[in-house]
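Chain by chain, the residues:
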Amino acid sequence: MIVDELLRVEGHPNISAIGDGARVPNEATPDRPDPPTSQHALRQARRLAKNLSGRPKPYRYRMLGQVATLGRYRGIADVFGIRLRGFPGWFVTRTYHLYQLPLLSRKLRVVTDWTVSLLFRRDIAELGMLGHTKPVGDG
Ligand SMILES: Cc1cc2nc3c(=O)[nH]c(=O)nc-3n(C[C@H](O)[C@H](O)[C@H](O)COP(=O)(O)OP(=O)(O)OC[C@H]3O[C@@H](n4cnc5c(N)ncnc54)[C@H](O)[C@@H]3O)c2cc1C
């Protein structure tokens, strides 16, 4: 969906769209629309919520950096123009993800899990490998 600066779908002013399914113009980067990332979708959602509940303003978000993990203890981070790689990149990425998690209880669960996994080898059990249980009475 193509949307305008107030996140309204082109030709349908009463319908809004954001996130990966929308081509969203950003006042902070007028030469290109937002990339399809979670950090942009979240900011678009906040702007849209404010627009729907108050006086609409154009969407504007200036990205401060990007981070990514590249396996165990390795990562890359570009924050405020400072580039990190390897362990420092991984640490910054993990810290940022922790910061972004909602609720203190969830942060504590995750940081506990991360701390425990520092002491052991990689957990090879994955729920996705368990398959699906058969419905009762199905052979
Ligand atoms: C492998 C991968 C890694 C990524 N890593 C990062 C990252 O590190 N950082 C980052 O910022 N972004 C990352 N992204 C991008 C990020 O996931 C997306 O930009 C973000 O999830 C977009 O949010 P959204 O709400 O627009 O869409 P989605 O998160 O895709 O949500 C859309 C939802 O709508 C549901 N849906 C679809 N069709 C229907 C229907 N007909 N009826 C009802 N529900 C429906 C879907 O099931 C889904 O739950 C990654 C994406 C991928 C695929």
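Model, not experiment: these values are computed from the prediction.

Rules used in this analysis
- Residues numbered from 1 in each chain as written.
- Predicted model: local features only at pLDDT ≥ 70, side-chain atom pairs only at ≥ 80, totals over all residues.
- Heavy atoms only, no water.
- Axes fitted to C-alpha atoms, helices over the stretch in contact; angles between N-to-C directions.
- Helix = DSSP H or I, 4+ residues; strand = E, 2+ residues; numbered from the N terminus.
- Parallel < 35°, antiparallel > 145°, perpendicular 65-115°, else oblique.
- Contact = heavy atoms within 4.5 Å.
- Nonpolar A, V, L, I, M, F, W, Y, C, P; charged D, E, K, R; others polar.
- Pairing = 2+ DSSP bridges.

A. Main features of the packing of helix α2 (residues 86–100) against helix α3 (residues 104–119). As a packed pair, α2 and α3 sit with axes 10 Å apart at the nearest point and diverge in direction by 155°. Here α2 lies roughly antiparallel to α3, going by the angle between them. For the pair α2 and α3, the contacting residues are Trp90, Arg94, Leu98 and Tyr99 in the first and Lys107, Val110, Val111, Trp114 and Leu118 in the second. Class assignment of the residues belonging to the contact of α2 with α3 gives a composition of 7 nonpolar, no polar and 2 charged.

B. Main features of the sheet that holds strand β4 (residues 75–79). Strand order in the open sheet made by the 3 strands is β3-β4-β5, with antiparallel pairing throughout. Where the open sheet ends on each side, the last strands, each with one partner, are β3 (65–69) and β5 (82–85). The mean angle between the axes of side-by-side strands here comes to 10°, regardless of whether they run parallel or antiparallel. Relative to β4, β3 runs antiparallel, the two being bridged by 5 bridges. By the bridge assignment for β4, Gln66 is matched with Asp78. Sheet contacts for α2: β3, β4 and β5; angle to β4, the most-contacted strand, approximately 70°.

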